[in-house]
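Chains, contacts and geometry: an overview
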Amino acid sequence: GAGVSQSPSNKVTEKGKDVELRCDPISGHTALYWYRQRLGQGLEFLIYFQGNSAPDKSGLPSDRFSAERTGESVSTLTIQRTQQEDSAVYLCASSLARENTIYFGEGSWLTVV
Amino acid sequence: GQQVMQIPQYQHVQEGEDFTTYCNSSTTLSNIQWYKQRPGGHPVFLIQLVKSGEVKKQKRLTFQFGEAKKNSSLHITATQTTDVGTYFCAGYGYSGAGSYQLTFGKGTKLSVIP
């Protein structure tokens, strides 16, 4: 596609439920990032995928968070047993390589009630 | 690991005044990128600086990369209400253990009073 596509754009879930967020990067982009941004805050790095290399998971805040990527295409971010502090916008971004410009999706706004 | 500090966190200016945000890295960078996030939107790429001492201009925006490639600044001349948003720097550099990473600053939120 023309840009990074994320779904759902908005998600309201009950505390304790699992959620899955999807990201479809720009075609040909080998690098893919997930960031979390709480309201009025900065970008919190979560995880980075580069081609077939082992992902950099150093930003995942707890073992409730996991992410997968199928080759160089779609990625899913899963949050298990959601907590209210998980409420944030989850931004996906992709780039040709790690040192290149990254392009962000519109984000998935998650609200845990 | 690599850290990128950005100041100020907030800046309120009268329309027509100038604005500057500063970015400092704990390590030497290969490149630095700047992004703008409008309220309710997602970050959008503005520019990338690669060379030591590099200066680039985009209309009223001037970007500088320090000689040591550890700091950078974004200066906006004669701010307009359309400049409102949060400006992020992102430094790409060696983070140790044979790996490089892209690290974002916490951003500077600019408000422009008409």
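Look up: the structure comes first, before these words.
No experiment lies behind these values; they were computed from the predicted model shown. (Residues numbered from 1 in each chain as written. Chains lettered and ligands numbered in written order. Predicted model: local features only at pLDDT ≥ 70, side-chain atom pairs only at ≥ 80, totals over all residues. Heavy atoms only, no water.)

A closer look at the pairing of strand β7 (residues 61-65) of chain B
Residues and elements named next belong to chain B. Here β7 lies mainly inside the structure; four of its five residues are buried. As judged from the four bridges shared by strand β6 (residues 55-58) and β7, these two strands associate in the antiparallel manner. Across the sheet, residue Q58 finds its bridge partner in β7, namely L61. Hairpin connection, β6 to β7: the antiparallel pair is bridged by two residues, and K59 has positive phi, about 55°. (Buried < 20%, exposed > 50% of the residue type's maximum accessible area, 1.4 Å probe, protein only. Helix = DSSP H or I, 4+ residues; strand = E, 2+ residues; numbered from the N terminus. Pairing = 2+ DSSP bridges.)

Points about the environment of A2 of chain A
Residues and elements named next belong to chain A. With respect to the element layout, A2 can be found in the segment before β1 (5-7). Under the relative-accessibility criterion, A2 is labelled exposed at 84%. When the C-alpha positions of A2 and I26 are compared, they lie 6.5 Å apart, and in sequence the two are 24 residues distant.

Some details on the sheet that holds strand β7 (residues 75-79) of chain A
Residue and element names in this part refer to chain A. Taking strand neighbours across the sheet as the criterion, the four strands line up as β1-β3-β7-β6 in an open arrangement whose pairing is antiparallel. Only two strands of the sheet have a single neighbouring strand rather than two, namely β1 and β6 (65-69). Shown here is a sheet whose adjacent strand axes are inclined to one another by a mean of 15°, direction ignored. Of the strand pairs in this sheet, β6 and β7 are connected by five bridges, and their pairing is antiparallel. The residue of β7 that forms the bridge with F65 is I79. (Axes fitted to C-alpha atoms, helices over the stretch in contact; angles between N-to-C directions.)

A few points about the nonpolar core
Judged by nonpolar contacts, the single largest core of 20 residues is most densely connected at W34, L46, I47, L77 and Y90 of chain A. Among the elements of the structure, β3 (19-24), β4 (31-37), β5 (44-50), β6, β7, β8 (88-95) and β10 (108-112) of chain A are those that each provide at least two residues to this core. For I47 of chain A, the contacting residues outside a window of four places in its chain are L32, Y33, W34, P55, D56, K57, L60 and A67 of chain A. Of all hydrophobic cores here, the second largest spans 19 residues; its members include V13, F19, I32 and I47 of chain B. (Core = buried A, V, L, I, M, F, W, Y, C linked by side-chain atoms within 4.5 Å. Contact = heavy atoms within 4.5 Å.)

Details of the interface of chain B and chain A
Often the size quoted for an interface is simply the accessible area lost on bringing the parts together. Contacts between the two partners involve 16 residues from chain B and, on the opposite side, 15 residues from chain A. For the pairing of chain B and chain A, the buried interface totals around 1400 Å² over both sides, and the portion due to carbon and sulfur atoms is 56%. Three residues, H42, L102 and F104 of chain B, lead the burial of chain B against chain A; their summed loss comes to 34% of the area buried on that side. Put simply, chain B and chain A have zero salt bridges between them. Those elements giving two or more residues to the side of chain B that touches chain A turn out to be β4 (29-37), β5 (44-49), β9 (85-96) and β10 (99-104) of chain B. The class makeup of the residues in the side of chain B that touches chain A is eight nonpolar, seven polar and one charged. (Buried area = accessible area lost by both parts, 1.4 Å probe. Salt bridge = Lys/Arg side-chain N within 4 Å of Asp/Glu carboxyl O. Nonpolar A, V, L, I, M, F, W, Y, C, P; charged D, E, K, R; others polar.)

A short note on the environment of P114 of chain B
All names here are of chain B. Examined against the element boundaries, P114 turns out to sit in the segment after β11 (108-113). Distance in space between the C-alpha atoms of P114 and E15 is 5.2 Å, their sequence separation being 99 residues. In contact with P114, not counting residues within four places along its chain, are Q14, E15 and T81.

Note that every value here comes from positions in space, so none of it alone points to a role or purpose.
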